[in-house]
Amino acid sequence: MPVAPSLDHIVSLCKRRGFVFPGSEIYGGLANTWDYGPLGVELRNRVREEWWKTFVRKRPDMVGLESAIFMNPKVWEASGHTKSFADPLVDCRSCKQRFRGDKLLEDRLGIEGAAVLKLEQIQKMLTAEKIPCPNCGKSNWTDARSFNLMVKAYQGVVEDEASLVYLRPETAQGIFVNFKNILDTVHPRLPFGVAQIGKAFRNEITPGSFIFRTREFEQMEIEYFVEPGTEREHFEAWKEAVWEWYRSVGISKERLRIREHAKEELSHYSSRTIDIEYQFPWGWGELFGLANRGTFDLRQHQTFSGQDLRYTDPADPTKKFLPAVIEPSFGVDRSVLVFLLEAYTEEEAPTAAGGMEPRVVLKLDPRLAPYDSAILPLSKKEPLVAKAQEVYRMLLQETDLRLDFDVTGSIGKRYRRQDEIGTPRAITIDFGTLGEDDAQGKRDTLTIRDRDTLTQERVAIGELSRRLAL
Ligand code: ATP
């Protein structure tokens, strides 16, 4: 397993190569907001596409949904978020900075699951253990109090209680409130799942660590509806499937682990939760969560809305019941961060002159790389560029590949750039391609350079589309 990079390496590569920029940068930024640049947006799209392909398109038991971010505030009363979606907030009396009390204890004392502690317990431990403020080093804390994480907005022209809406803190509720619509229109049979990818918003007390914890982020969630009594087997199957997916797109098992939530730590809706954690540069952190939500959400929405949300057994129409729910919940941004951390490699590579030089290469799984291939004329000389453009146009027409075309700088620099953005194959058009020295027999052939092995292979232009499709 290669040495793990530091977060600074990733942040700097992301900025330098156009993956992620600090938000609103020309105005001095806005803390903890990030914008995805041309390369980042391709990577994100591919993460979403791979996920959707694996968990929706390739499965007979899944359908999709895209629900609104603004929802009737009653949704959040029914789901319990208005009352229970809160973190323990403490203020440092000396420097006035605010922190999450449970995270202060976890970070300082090296303990896990401090979210289970009551507000008074957090307060007592902060004082008893003399936990210092991460900002000023003093230990002078206010009482811990409950801080609701939902972001408020006002819909329409009047800013009053009646126009208050929340930006959804999870995509899941959009699925529950559409459960009846889905049953009535596509008539799925249990067990089945509904998947949704979309933005979620949480007024996190201490966002940070780049795109790991932000107040605006994206989730990929599945609500998997099952017959009550069968939750355990489906929970296990999803645990396996998700672990397998992260492994298949290149995450090493040494940096993944499963953490079972203690009973007291469980969210108000869950009877069992596990996290898949990743070993980030600062320690283990949640990448993915799997919860057994039981019938909690459908029951609550049935009560609050007064609508019948029961499922009818197709084999026996007299049998009506609320299905139980297993919820696999992924973060797009955390997944992107993990893919970048795993892929980032610094190594020595041979130079054309026979020496060695250091190179940075993003060894992304080819399915996630922003570009599949880059077309590179050996130099800026006109006949080379014209021929390379011809090849580029041909590939655009004949394939669905994502292609970069690059003529800026020396060929060595362009290879290094393609290595750093993770392009699996570079296609070089040289004088041999033009047939300038026919004795070489290279006319209408070009080289394919492999990002990881650095091997170069001569291929006929007529064969190129077929070769790249492999
Ligand atoms: P944490 O314990 O890190 O706050 P959580 O348990 O609140 O996370 P869930 O509610 O289980 O997170 O959300 C599901 C997934 O959404 C997480 O596994 C993570 O990938 C992603 N996620 C949650 N909060 C954030 C955030 N503030 N920024 C980025 N991604 C997030």
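Residues numbered from 1 in each chain as written. Predicted model: local features only at pLDDT ≥ 70, side-chain atom pairs only at ≥ 80, totals over all residues.

Visitor: Break down the sheet that holds strand S16 (residues 324-331) for me, with residues and values.
Guide: Read across the sheet, 7 strands follow the order S3-S9-S10-S16-S13-S12-S11 without closing on themselves; strand pairing throughout is mixed. Looking at strand neighbours, the two that pair on one side only are strand S3 (62-64) and strand S11 (256-260), the edges of this open sheet. Shown here is a sheet whose adjacent strand axes are inclined to one another by a mean of 25 degrees, direction ignored. Pairing geometry for strand S12 (residues 272-280) and strand S13 (residues 283-294), over 9 bridges, is antiparallel. Bridging across to S13, Ile 274 finds its partner in Leu 290. (Pairing = 2+ DSSP bridges. Helix = DSSP H or I, 4+ residues; strand = E, 2+ residues; numbered from the N terminus. Axes fitted to C-alpha atoms, helices over the stretch in contact; angles between N-to-C directions.)

Visitor: How would you sum up the site of the ligand? Please name residues and give values.
Guide: Inspection of the region around the ligand gives 15 residues, with Phe 217, Gly 289, Ser 329, Gly 331 and Arg 334 positioned closest. Secondary-structure elements contributing two or more residues to the shell around the ligand are strand S10 (216-226), S13, S16 and helix H11 (332-343). Per-class residue counts for the shell around the ligand are 4 nonpolar, 5 polar and 6 charged. (Near = placed C-beta within 6 Å. Nonpolar A, V, L, I, M, F, W, Y, C, P; charged D, E, K, R; others polar.)

Visitor: So, the pairing of strand S19 (residues 373-377): which residues are in play, and what are the values?
Guide: Along a regular strand, successive side chains alternate from one face of the sheet to the other. For S19, a buried count of 5 out of 5 residues is recorded, marking the element as mostly surrounded by other parts of the structure. Pairing between S19 and strand S20 (residues 403-405): 3 bridges, direction parallel. Looking across to S20, one finds that Ala 374 is bridged to Asp 404. Crossover S19 to S20 through helix H12 (residues 382-398) is right-handed. Bridge analysis of S19 against strand S21 (residues 425-429) gives 5 bridges, and the strand direction is parallel. Across the sheet, Pro 377 pairs through a bridge with Ile 429, a residue of S21. (Buried ≥ 20, exposed ≤ 12 C-beta atoms within 10 Å, placed from the backbone. Right-handed = clockwise from strand over helix to strand, strands pointing away.)

Visitor: I'd like a rundown of helix H6 (residues 119-128), residues and numbers included.
Guide: Within the sequence span of H6, burial applies to Ile 122, Met 125 and Leu 126. Viewed end-on, H6 has its buried residues packed into an arc of 100 degrees, placing them on one side of the element. In H6, the exposed positions angled more than 90 degrees off the buried face are occupied by Glu 120, Thr 127 and Ala 128. Buried residues belonging to H6 abut strand S4 (86-91) and helix H5 (101-109). (Arc of directions from axis to C-beta. Contact = placed C-beta atoms within 7 Å.)

Visitor: Outline the nonpolar core, supporting the account with residue identities and numerical values.
Guide: A general tendency of soluble globular proteins is for nonpolar side chains to be buried together. Membership of the largest hydrophobic core comes to 81 residues, with the highest contact counts inside it found for Val 336, Leu 337, Phe 339 and Leu 340. For this core, the element with the most residues is H11, which contributes 8 residues. Composition of this core by domain shows at least three residues from each of domain 1 (7-73 + 149-339) and domain 3 (371-469). Residues contacting Leu 337, with those up to four places away along its chain left out, are Phe 210, Ile 211 and Phe 212. Formed by 16 residues, the second largest nonpolar core is a distinct cluster that contains Leu 105, Ala 115, Leu 117 and Ile 131. (Core = buried A, V, L, I, M, F, W, Y, C linked by C-beta atoms within 7 Å. Domains from an automatic or database assignment.)

Visitor: So, unusual backbone geometry: which residues are in play, and what are the values?
Guide: With omega at -5 degrees, the peptide bond leading from Leu 190 into Pro 191 counts as cis. Residue placement: Pro 191 occurs in the loop between helix H8 (179-186) and strand S9 (192-201). Despite not being glycine, Ser 209 has its phi angle at roughly 60 degrees, a positive value. Note that Ser 209 resides in the loop between S9 and S10.

Visitor: Tell me what's going on with the sheet that holds strand S5 (residues 98-100), and back it up with residues and numbers.
Guide: The strand order across the open sheet built from 3 strands is S5-S4-S6, with neighbouring strands paired in antiparallel fashion. On the outer flanks of this sheet lie S5 and strand S6 (145-148), each paired with one strand and no other. Between one strand and the next, the sheet's axes are offset by a mean angle of 50 degrees, whatever the strand orientation. In this sheet, S6 lies alongside S4 in antiparallel orientation, the contact comprising 4 bridges. Considered in S6, the bridge of Ala 86 is made with Asn 148. Contacting S4 and S5, H5 runs over the sheet at an angle of about 70 degrees to S5.

Visitor: Which residues make up the packing of H5 against H6, and what values do they have?
Guide: Two numbers describe how H5 lies on H6: the axes approach to 10 Å, and their chain directions differ by 40 degrees. Here H5 is positioned oblique relative to H6, judged by the angle of their axes. For the crossing formed where H5 meets H6, the hand is left-handed. Along the contact surface, H5 presents Gly 101, Asp 102, Leu 104 and Leu 105, while H6 presents Ile 122, Met 125 and Leu 126. (Parallel < 35°, antiparallel > 145°, perpendicular 65-115°, else oblique. Left-handed = near helix turned anticlockwise from the far one by under 90°.)

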